[in-house]
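Chain by chain, the residues:
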Amino acid sequence: MTLFEKIIAREIPAKFVFEDDDVIAFQDVNPQAPLHVLIVPKRVIPRLAEANESDQALLGKLILTAMKVARDLGASESGYRVVINSGPDAGESVPHLHVHLLGKRALAWPPG
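Residues numbered from 1 in each chain as written. Predicted model: local features only at pLDDT ≥ 70, side-chain atom pairs only at ≥ 80, totals over all residues. Heavy atoms only, no water.

Asks: Would you mind showing me how to read the packing of aromatic side chains here?
Replies: What characterises a pair of aromatic rings is the spacing of the ring centres plus the angle enclosed by the ring planes. Going through the model one piece at a time under the given rule, you end up with two aromatic pairs. Between F4 and F26, the ring centres sit 5.8 Å apart and the planes meet at 65 degrees, which makes this aromatic pair edge-to-face. Placement of F4 in helix α1 (residues 3–8) and of F26 in strand β2 (residues 23–27) is noted, with a sequence separation of 22 residues between them. We classify F26 as buried; its relative accessible area is 3%. Seen from the ring of F16, R10 lies directly overhead, with NZ or CZ sitting 4.2 Å from the centre. (Phe/Tyr/Trp six-rings, centres within 6.5 Å; stacked < 30°, edge-to-face > 60°. Helix = DSSP H or I, 4+ residues; strand = E, 2+ residues; numbered from the N terminus. Buried < 20%, exposed > 50% of the residue type's maximum accessible area, 1.4 Å probe, protein only. Lys NZ or Arg CZ within 6 Å of the ring centre and 35° of its normal.)

Asks: How should I be thinking about the pairing of β2 in this particular structure?
Replies: Sheet faces and side chains relate simply in a regular strand, where the side chains alternate between the two faces. The buried count for β2 comes to four of five residues, which makes it a mostly enclosed element. Between strand β1 (residues 16–19) and β2, which pair antiparallel one after the other, the connecting turn spans three residues. Taken together, the five bridges between β2 and strand β3 (residues 35–41) define a ladder with antiparallel strand orientation. Considered in β3, the bridge of F26 is made with L38. (Pairing = 2+ DSSP bridges.)

Asks: Looking at this structure, I do not really get a nonpolar patch on the surface. What am I missing?
Replies: Judged by side-chain polarity, I63, L64, M67, Y80 and V82 come together as a nonpolar surface patch covering roughly 420 Å² of accessible area. It is helix α2 (residues 56–72) that contributes the most residues to the nonpolar patch, three residues altogether. Its place among the elements puts Y80 in strand β4 (residues 80–83). (Patch = residues over 30% accessible without salt bridge, like charges linked within 9 Å, V, L, I, M, F, W, Y side chains within 5 Å. Areas by Shrake-Rupley, 256 points an atom, 1.4 Å probe, with all protein chains shown as cover. Salt bridge = Lys/Arg side-chain N within 4 Å of Asp/Glu carboxyl O.)

Asks: Honestly, unusual backbone geometry in this entry has me stumped. Any pointers?
Replies: For residues besides glycine, phi is generally negative; the peptide bonds are generally trans as well. Along the chain, W109 connects to P110 via a cis peptide bond; the corresponding omega equals 0 degrees. Although it is not a glycine, R10 adopts a positive phi angle of roughly 65 degrees. Within the fold, R10 resides in the loop between α1 and β1.

Asks: Even after reading the chapter, I still don't get the side chain of H100, so can you show me in this structure?
Replies: Tracing the backbone shows H100 in strand β5 (residues 99–103). Here the side chain of H100 touches H36 through a polar contact of 2.8 Å, side chain to side chain. (Polar contact = N/O pair within 3.5 Å; in protein donor to acceptor, adjacent residues only side chain to side chain.)

Asks: In this structure, what is going on with the sheet that holds β4? I would like to understand it.
Replies: In sheet architecture, strand pairing relies on hydrogen bonds along the backbone and comes in two forms, parallel and antiparallel. Across the sheet, which stays open at both edges, the five strands sit in the order β1-β2-β3-β5-β4 with antiparallel pairing between neighbours. Edge positions in the sheet fall to β1 and β4, since each has one partner strand and no second. With strand direction ignored, the average angle separating the axes of adjacent strands in the sheet is 15 degrees. α2 rests against β1, β2, β3, β4 and β5 of the sheet, and its axis sits at about 155 degrees to β3. (Axes fitted to C-alpha atoms, helices over the stretch in contact; angles between N-to-C directions. Contact = heavy atoms within 4.5 Å.)

Asks: Can you help me understand the pairing of β1 in this one?
Replies: Here β1 runs beside β2; their pairing, made up of three bridges, is antiparallel. Directly across from E19, in β2, lies its bridge partner I24.

Take a look at the structure:
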């Protein structure tokens, strides 16, 4: 069971900011910006590179949820970044697809 599955099952506490039947969003415990939320599908997809056509609606929902959470948490006006890491070279640390929503400060480019 991944860390995110344990959070979804409420075995590990988290500061939740959104939840519906498919997706859960919570504050990152090691934030890299004043706003750093993880948006996680409740159904496990190990990483973006392992998603397939049947995951299309869920992948879209992750992005739309990021937009909603950014709006709800006051980041829409100033801007925000949406990041998906896929694989160890990208910095993926949990093998459960998730979206990072970062904002409320100027973010440098290029990242990392």
